Amino acid sequence: MEPERGSISRNRPALRQRVRIALLIFSFVLMPVTFAYVSCPLITEGASQGIATGGLVVFALLFVGSLFFGRLWCGYLCPAGGLQEIYTLVNGRPVTAGWLNYLKYPIFLGIFGSIALAVYSAGGLSTIDLFYQTGNGISVDRPGAYALLYGQIAFITVFALLAGRRGFCHSFCPIAVMLIIGRKVRNLVGWPALHLAAAPDRCVDCGKCSETCPMSLDVRGMVRERRMENTECILCGGCVDACPEGAVGYAWRGR
Ligand code: SF4
Ligand code: SF4
């Protein structure tokens, strides 16, 4: 399915990307509140006591979301994504991660394997505590929690500053892998979901889509080959909004 010519106005796209970046940065600023809900160590700790924490529930919801929206979470709402968008002001170099893209898979296996092992050792999950290790739902309410948060921020910082654009997403993030698995399951079955669609005949080879892509993908090549599915694509719509010819668009369809 091709994006409709003229369906992309000149003003709305810029606004969409501004709103997207604002959402991401807001999500990062909220991290002291939300940290416990995306923290793998806290999910593992809770699981080892047979507790399904708020974080585990959030992960389950993210997985279900990925069955329809792929990695949209990474593009619009992830706090670590927000932090990395800020760091592009310091190091906005495109990431040609190559084999480093694959590093996140063994990391995912290690982290999610630990969660599964913790559940197994506890004899299963026996209770739900949505606000586990929070004070009235707020994640950082004591000095120990700050240490965990700052440690995580420092870790993401190293990746983003050394590697470039979204270096942490490319090489380390286990949540990215979970969403990629959700997307693969969806692609296997083929129910309707959010996609990118390309119209190669409209492409004038200006390269603006590739320049804009926060995941450093060769979007121009993807359009030319009409092969818009890519595990590293976070469906941010940057290419959709950058293309002056309307050669890339969002689509909702099966298969
Ligand atoms: S290919 Fe387009 S939608 Fe996907 S990450 Fe790159 S700019 Fe965003
Ligand atoms: S921005 Fe549009 S016209 Fe330019 S290379 Fe990308 S798809 Fe082609």
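- With an unreviewed UniProt entry as reference, the protein is termed 4Fe-4S ferredoxin, source organism Methanoculleus oceani.

1. Here we look at the state of the cysteines
Then step 1. Enumeration over the complete set of coordinates arrives at 0 disulfides.
Then step 2. No disulfide involves C173; its sulfur sits 6.0 Å from the nearest other cysteine sulfur, which is in C78.
Then step 3. The buried category is assigned to C173, whose relative accessible area is 13%.

2. With respect to the site of ligand 2
Then step 1. In the region of ligand 2, 14 residues are neighbours, and C203, C206, G207, C209 and C243 sit closest.
Then step 2. The set of elements that each furnish at least two residues to the shell around ligand 2 consists of α11 (208-212) and α12 (219-224).
Then step 3. When the residues that make up the shell around ligand 2 are grouped by side-chain class, the tally is 9 nonpolar, 1 polar and 4 charged.

3. Points about the environment of G190
Then step 1. Residue placement: G190 occurs in the loop between α10 (174-189) and β3 (193-198).
Then step 2. Setting aside its immediate chain neighbours within four residues, G190 contacts G254 and R255.

4. With respect to the environment of L125
Then step 1. Counting through the fold element by element, L125 comes out in the loop between α7 (104-121) and β2 (127-129).
Then step 2. Taking C-alpha positions, L125 is 6.8 Å from A47, a pair spaced 78 residues apart along the chain.
Then step 3. If we ignore the near neighbours within four places in the chain, the residues touching L125 are A47, G50, I51, A52, L56 and V119.

5. A closer look at the packing of aromatic side chains
Then step 1. Evaluation of the coordinates by the stated rule reveals 12 aromatic pairs.
Then step 2. When the ring of F168 is compared with that of F172, the centres are 5.5 Å apart and the planes differ by 25°; the resulting orientation is stacked. Residue F168 shares its accessibility class with F172, and that shared class is buried.
Then step 3. Following the ring pairs from residue to residue traces out a cluster consisting of F155, F159, F168 and F172.

The rules we used
- Residues numbered from 1 in each chain as written.
- Chains lettered and ligands numbered in written order.
- Predicted model: local features only at pLDDT ≥ 70, side-chain atom pairs only at ≥ 80, totals over all residues.
- Heavy atoms only, no water.
- Disulfide = S-S within 2.5 Å.
- Buried < 20%, exposed > 50% of the residue type's maximum accessible area, 1.4 Å probe, protein only.
- Near = heavy atom within 4 Å.
- Helix = DSSP H or I, 4+ residues; strand = E, 2+ residues; numbered from the N terminus.
- Nonpolar A, V, L, I, M, F, W, Y, C, P; charged D, E, K, R; others polar.
- Contact = heavy atoms within 4.5 Å.
- Phe/Tyr/Trp six-rings, centres within 6.5 Å; stacked < 30°, edge-to-face > 60°.

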